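Read off the chains here:
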Amino acid sequence: MAGHSHDNIDWDEHLQRLRDADEFNAPEVAELVAALLRPTDRSVIEIGGGAGGTAAAFAAALADSGGALTIVDSAPQLLAAAGSHAEQVADRVDVRAVQADAAADSLVEAVGQQADLVIAAFVVHHLPDQLAGLRRLVSLVRPGGRLAIVEFGLQTKVLPADVGIGEPGLEARLIAAREEWFQQMRAEMTGSVRLPMGWAKALSEAGLAEVRSWSYLVDRPAPVDRTGREAVLRRLHLLRRNAEDRVAPEDLAVLDQLLDESSEHYAGNRDDVYYLTANTVHLGTRPAV
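Parameters at a glance
- Residues numbered from 1 in each chain as written.
- Predicted model: local features only at pLDDT ≥ 70, side-chain atom pairs only at ≥ 80, totals over all residues.
- Heavy atoms only, no water.
- Helix = DSSP H or I, 4+ residues; strand = E, 2+ residues; numbered from the N terminus.
- Contact = heavy atoms within 4.5 Å.
- Areas by Shrake-Rupley, 256 points an atom, 1.4 Å probe, with all protein chains shown as cover.
- Lys, Arg positive; Asp, Glu negative; His and termini not counted.
- Charge placed at Lys NZ, Arg CZ, Asp CG, Glu CD.
- Core = buried A, V, L, I, M, F, W, Y, C linked by side-chain atoms within 4.5 Å.
- Buried < 20%, exposed > 50% of the residue type's maximum accessible area, 1.4 Å probe, protein only.
- Phe/Tyr/Trp six-rings, centres within 6.5 Å; stacked < 30°, edge-to-face > 60°.
- Lys NZ or Arg CZ within 6 Å of the ring centre and 35° of its normal.
- Pairing = 2+ DSSP bridges.
- Right-handed = clockwise from strand over helix to strand, strands pointing away.
- Salt bridge = Lys/Arg side-chain N within 4 Å of Asp/Glu carboxyl O.

Novice: An account of the overall build of the protein is needed here, citing residue identities and associated values.
Specialist: The number of helices and strands found in the protein is nine helices and seven strands. Put simply, 81% of the contacts in the protein that link residues at least 6 apart link residues at least 24 apart. When the accessible area of the protein is evaluated, it comes to approximately 13,400 Å², of which 50% is carbon and sulfur surface. Charge-centre separation for the protein: the mean point of 27 positive side chains lies 6 Å from the mean point of 43 negative side chains.

Novice: Quick one: what's the story with the nonpolar core, residue by residue and with numbers?
Specialist: Membership of the largest hydrophobic core comes to 52 residues, with the highest contact counts inside it found for L36, V44, F58, L69, I71, L159 and L236. Looking at this core, the element that brings in the most residues is helix α8 (residues 226-243), giving six residues. In contact with L69, not counting residues within four places along its chain, are V44, A55, F58, A59, A86, V93, D94, V95 and R96. Core analysis: the second largest hydrophobic core is formed by 28 residues, L107, L134, L137 and L195 among them.

Novice: Could you give an account of the environment of L62, with specific residues and numbers?
Specialist: In this structure, L62 sits in helix α2 (residues 53-62). Distance from L62 to A206, taken between C-alpha atoms, is 28 Å for residues 144 residues apart in sequence. With sequence-adjacent residues up to four places away left out, L62 is seen in contact with L37, D41, R42, V44, A68 and V93.

Novice: How would you sum up the packing of aromatic side chains? Please name residues and give values.
Specialist: Counted according to the given criterion, the structure contains two aromatic pairs. The ring of F24 is capped by R220, whose NZ or CZ atom sits 4.6 Å from the centre of that ring.

Novice: Give a description of the pairing of strand β3 (residues 93-99) that names residues and reports values.
Specialist: The pairing of strand β2 (residues 67-73) with β3 spans seven bridges and is classified as parallel. Within β3, the residue paired with A68 across the bridge is D94. Crossover β2 to β3 through helix α3 (residues 76-89) is right-handed.

Novice: Can you break down the pattern of salt bridges residue by residue, with the values?
Specialist: Scanning all chains against the criterion turns up 12 salt bridges. Where R142 meets D116, a salt bridge forms, and the shortest distance between an N and an O atom there is 2.2 Å. Of the two residues, R142 sits in strand β5 (residues 141-157) while D116 sits in strand β4 (residues 115-121), which places them 26 residues apart along the sequence. Given a relative accessible area of 29%, R142 falls into the partly exposed group. Here D116 falls in the buried class, since its relative accessible area comes to 8%. R173 is paired through a salt bridge with D251; the nearest N and O atoms lie 2.7 Å apart.

Novice: Hey, could you go over unusual backbone geometry for me, with residue numbers and the actual values?
Specialist: Between A222 and P223 the backbone carries a cis peptide bond, its omega angle lying at -5°. The topology assignment puts P223 in the loop between β6 (209-220) and α8. Even without glycine at this site, F122 takes up a positive phi of about 60°. With respect to the secondary-structure elements, F122 resides in the loop between β4 and α5 (130-138).

Dropping the structure here:
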């Protein structure tokens, strides 16, 4: 599906940002792949491949034993980039790229196979009917296999409580504005359905057993290195996009100074910015028939 997805975001336009995020998150992604992949697993389906960082990590993990990796995405440029990235990592792994919509009932037919592990990181919250989406993903899991979803655990923090200009507490107000944007985005989706339960319960409702959850930190204390500064700036630009008409003009002016390379307050030159977030993994097993 080219163009805008259900959340009215053209994900192809975010390819470089996702590549940069892959570089920044590579250590945590490698640890996540190692935690999820069992010694007997030979097939993986990734839903929403982004720029391919997670797919490449799975390909590397499967390289010695061989196996099959299927990457599914609705954005054609992202899909091509993710497939290419994974193929460059391990030539013993059979990499397939499937353009399909995780919100469509045709997903299962388009993928055409089941896997030992299906993973969807930061994907399901973009689907109009999230529970129906989970049930669709469960259909891609072979009996005895597992589905893992990764969703946000705690809000990302990058700024000190007082940045030295404007009123203290800027980041908290920006986070609140982004949450308001997110709820509006979901409400405006065609066919949007509320999910009045937590992710672990939703996986159980979708038919999985032995559901468990755990969280991992992405923790880069101040002073951050180059990739850390770039991640901080990406986060602030994201907050800026969602802040228009949702925070006071004074707060926008402060944020613009933090994003202005010519400003003495430019976040890219500060030694007190950091990056801290927590993501949560929810994992369940499809019962054997």
